[in-house]
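# Structural overview for review
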Amino acid sequence: MEKHAPLSIEQLYRVCDTDLLPFKTTETLEPFAGFFGQARALDAMEFGVGMDRPGYNLFVMGTPHTGRFSFAMESLRSVAKKQRKPSDWCYLNNISDSRHPLALKLPAGKAGQFRRDVGKLLDRVLTELPAAFESPAYQRKKSQIERDFSRRYDNAVETVERQAREYSIAVYRDAGTIGFTPVAEGQAIDEAVFSALPEDIRDAFSKHISDLEELLNEELTELPKWRREAAEALRYLDRDTARAALQPLFAEVIDRYSSHAAVGQYLEEVERDLIRNAGELIAEGIFENKSEAARRTFMDENYGINLLVDNEKTKGAPVVYEAHPNYENLFGRIEYNSEMGAMVTNYRLIRSGALHRANGGYLVIEAEKLFEQPFVYGALKRALKAHEIRIENPASEYTGISTITLDPEAIKLQVKIVLIGNRNTFYLLQELDHDFEKMFRVVVDFEEDVERSPQTIRHYARLMKTLATEEKLAPLTRGGVARLVEHSSRLAGDQEMLSTHIGELKDLLCEADYRRNVDGAKLIASEHVDEALDAKERRTGRLAQKIQDGITNETVLIDTDGEAIGKSNGLTVLQVGDVSFGTPARITTTVHPGSRGIVDIEREVTLGQPIHSKGVLILSGYLGHRYANDFPMTLSASIAMEQSYGYIDGDSASMAEICTLISALTHIPIKQSFAMTGSINQYGEVQAIGGVNEKIEGFFRLCESRGLTGRQGVIIPQANVRHLMLKQSVVDAVKEGLFAIHSVATVDQCLEILTGKSAGKIKADGNFTQRSIGAEVVKRLREIAKAKP
């Protein structure tokens, strides 16, 4: 049997050589410019921003806390500030159809000036127009029109009156009507006297009155025409008066914006509308009977400018981040006012969305937040395809409830969308949405770790200086930076790599600075980093402590000494939120004659997840390949992870399960002072697993609480050695010979460490060496195969 030496101290933890850090404190370092370890992402971002073609929107892909958001915003801003300002946008009242407001595009900064100019113009209209209608010239012309109408009317009535006098009949006017009454001796005859007259006289009066009425009708036949002519003359007078007052005012502003045809067209339309309706406005008292504020409100609501997007103060292209990307925040909305119990709106109540503000630049959205909102993703795709922004009510087509509202003219859209999300979201969109890959053709893949080289370590130190300066923290000593480098390798889970999770690093720096402040030190040193890490572990370690207490008081059965058949200590990692910790778990196996094969009890009760079940199924392949080449393998065995009451996934227990199965099969005891982790393939090769540091430390804590004996240790895959960045307490115990960590490449190596016996080798005749574990396995499998079930 080969002797399997435990790993050396150097293999358990890669120390950062302070000689690689040529400074005493970070105060003397230059700040770090750029983004740590993101060369690939920088190239992709540069390409995506520079590719000015439809469909080349960007998806920044990576895990949270890697600085992907800051990276995207800073990269975009650095490019955007060198680009041209986009245009301003306004909404104008569509005077011919107010339900369809008009969109107006103006150069950057012009729209605000245009709104101010129109405001001044309307103020002058409010002054000049009433004054024009109050002028003596207007009043004379108006009086002349009224007199002409009255003269015609009076002439017609006078003709009737002359004829009436010949008939001794008086004509009287009452409230706009004309009546007739008989007269005798200069006095009107009342009804009683008239009734007393002889019948022939009464008949004569009646006939004369009838004749006079016919004459009156003949004379006033053209009265409606006279009224129309008078009204038309008055209307022309009103318009001529309004035109004379308004034309100079509007001509000045129209001339100022002569290079913008749409502005001139709108102002001319406003001028025509005011000229057309000036008389009615004056007659209704709009300019006289209302307060100054009410008059200005009336003018603004009908002719003012709704400034939707103002880029006057924007420097370069806009970079807009929308934190809450619901439909209204992205596409804008139409607001309503309540008047007399009714909801009313107008073009002045159209509000911009993030797409309007980012038009001509860049819009940054977090992908997960985008997909939380109904209707938004589909509307965003439609906007990108049509290259226009429409303000709509998307819920109406699903609820069936439609309200009368505005339908503003669409605004041309030229924007680059930058989605920030995790990898699962990106791959899910690629799979389920065929439009996605055509619209987001640029993937900015964010690195989670970077090679730990002397150059990157120096860059890392400069990054520490930059973060400390930004957060107003104390400088770091060389030892403090070295400790952070080592912790970064632990976060990366690899001695050869450094983590790019800048968010976690920043949190640790702040907590270490707090410890420095408590200690009264001027610089952040390695001990302050250690104190911060220990304090965080204490804060988040309640559950881990509860589980360990359960094992210590033997509520959960785990042995850390002695030997046992068909029992072993596996290692698991529990993830609760952002906290992960390792804990041992007992694995047991029983074997008996039969043909059911290897039964995974966890799978039978649906607690075993697919990857764990796959690992158990591999055991049969390995047993048959390794030990039953010349006879059929039949056995019944059951494997369980004891006192586990939740879902189990992952194949990292398969090495412990095969060793436990062989122990139960051969009745060779396993040392309970060891815990193990590792997955295997069908050829018995041990494969790497995740969470190796947490698993080792979980078993070490248990052994330490019971007392270290020097016989305890952990067996891990050889492929995981480079991932070891163990806590100092574990390293110290190994250094003192109180704990050991072994790495193995095959199941046979693991069996030899666990049992103290040779695993055996296959000789030329196909048999295992005598008194080896392999020989015992073959012997037992043959016995079970021959036994009756």
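Reading the values: rules and limits
- Residues numbered from 1 in each chain as written.
- Predicted model: local features only at pLDDT ≥ 70, side-chain atom pairs only at ≥ 80, totals over all residues.
- Heavy atoms only, no water.
- 1 Å grid on protein atoms, 1.4 Å probe; cavity = no way out; pocket = protein on both sides within 12 Å on 5 of 7 lines; lining within 4 Å.
- Points joined across faces, edges and corners; volume = space filled by probe spheres on them.
- Helix = DSSP H or I, 4+ residues; strand = E, 2+ residues; numbered from the N terminus.
- Nonpolar A, V, L, I, M, F, W, Y, C, P; charged D, E, K, R; others polar.
- Core = buried A, V, L, I, M, F, W, Y, C linked by side-chain atoms within 4.5 Å.
- Buried < 20%, exposed > 50% of the residue type's maximum accessible area, 1.4 Å probe, protein only.
- Contact = heavy atoms within 4.5 Å.
- Pairing = 2+ DSSP bridges.
- Axes fitted to C-alpha atoms, helices over the stretch in contact; angles between N-to-C directions.
- Parallel < 35°, antiparallel > 145°, perpendicular 65-115°, else oblique.
- Left-handed = near helix turned anticlockwise from the far one by under 90°.
- Phe/Tyr/Trp six-rings, centres within 6.5 Å; stacked < 30°, edge-to-face > 60°.

Our next topic: the layout of surface pockets. What the second largest pocket holds in volume is close to 820 Å³. As for the second largest pocket, its lining consists of 34 residues, and the residues nearest its centre are Asp52, Gly360, Leu413, Gln414 and Val415. Elements with a contribution of two residues or more to the lining of the second largest pocket: helix 2 (39-50), helix 14 (376-386) and helix 17 (436-439). The leading source of residues in the lining of the second largest pocket is helix 14, at three residues. Its residues placed into classes, the lining of the second largest pocket shows 15 nonpolar, ten polar and nine charged.

Once that is clear, we can look at the nonpolar core. Counting 44 residues, the largest nonpolar core has Tyr627, Met655, Ile658, Cys659 and Ile715 as its most contacted members. Mapped by element, the contributors of at least two residues to this core are strand 22 (579-592), helix 24 (610-627), strand 24 (636-641), helix 25 (654-666), strand 26 (674-676), helix 28 (747-755) and helix 29 (773-786). The leading source of residues in this core is helix 25, at eight residues. With residues near it in sequence (within four places) discarded, Met655 still touches Met676, Thr677, Gly678, Ile680, Val686, Ile715, Val744 and Cys750. Residues Cys90, Leu104, Leu129 and Val270 belong to the second largest nonpolar core, which totals 37 residues.

With respect to topology, three strands assemble into an open sheet ordered 3-2-7, the strand pairing being antiparallel. Whereas interior strands pair on both sides, the edge strands pair on one side only; in this sheet they are strand 3 (102-106) and strand 7 (306-309). Taking the axes of each pair of neighbouring strands and ignoring which way they run, one obtains an average angle of 30° across the sheet. Sheet topology places strand 2 (residues 88-92) next to strand 3; five bridges connect them, and they run antiparallel.

Their axes nearest at 9 Å, the elements helix 8 (residues 223-256) and helix 9 (residues 261-283) cross at an angle of 160°. Between helix 8 and helix 9, the angle is such that the two are roughly antiparallel. Crossing angle aside, the handedness with which helix 8 passes helix 9 is right-handed. Packed against helix 8, whose contacting residues are Asp238, Arg239, Ala242, Arg243, Leu246, Gln247, Phe250, Val253 and Ile254, the element helix 9 presents Gly264, Leu267, Glu268, Val270, Glu271, Leu274, Ile275, Arg276, Ala278 and Gly279 at the interface. Split by residue class, the contact of helix 8 with helix 9 holds ten nonpolar, three polar and six charged.

Quick look at the packing of aromatic side chains now. Enumeration over the complete set of coordinates arrives at 18 aromatic pairs. Between Tyr622 and Tyr627, the ring centres sit 6.0 Å apart and the planes meet at 85°, which makes this aromatic pair edge-to-face. Just as Tyr622 is buried, Tyr627 falls in that class too. On the basis of an interplanar angle of 85° and a centroid distance of 5.2 Å, the ring pair of Phe700 and Phe739 is categorised as edge-to-face. One end of the pair, Phe700, is in helix 26 (residues 692-706); the other, Phe739, is in the loop between helix 27 (728-735) and strand 30 (740-744), with 39 residues separating them in the sequence. The two residues Phe700 and Phe739 agree in class, both being buried.

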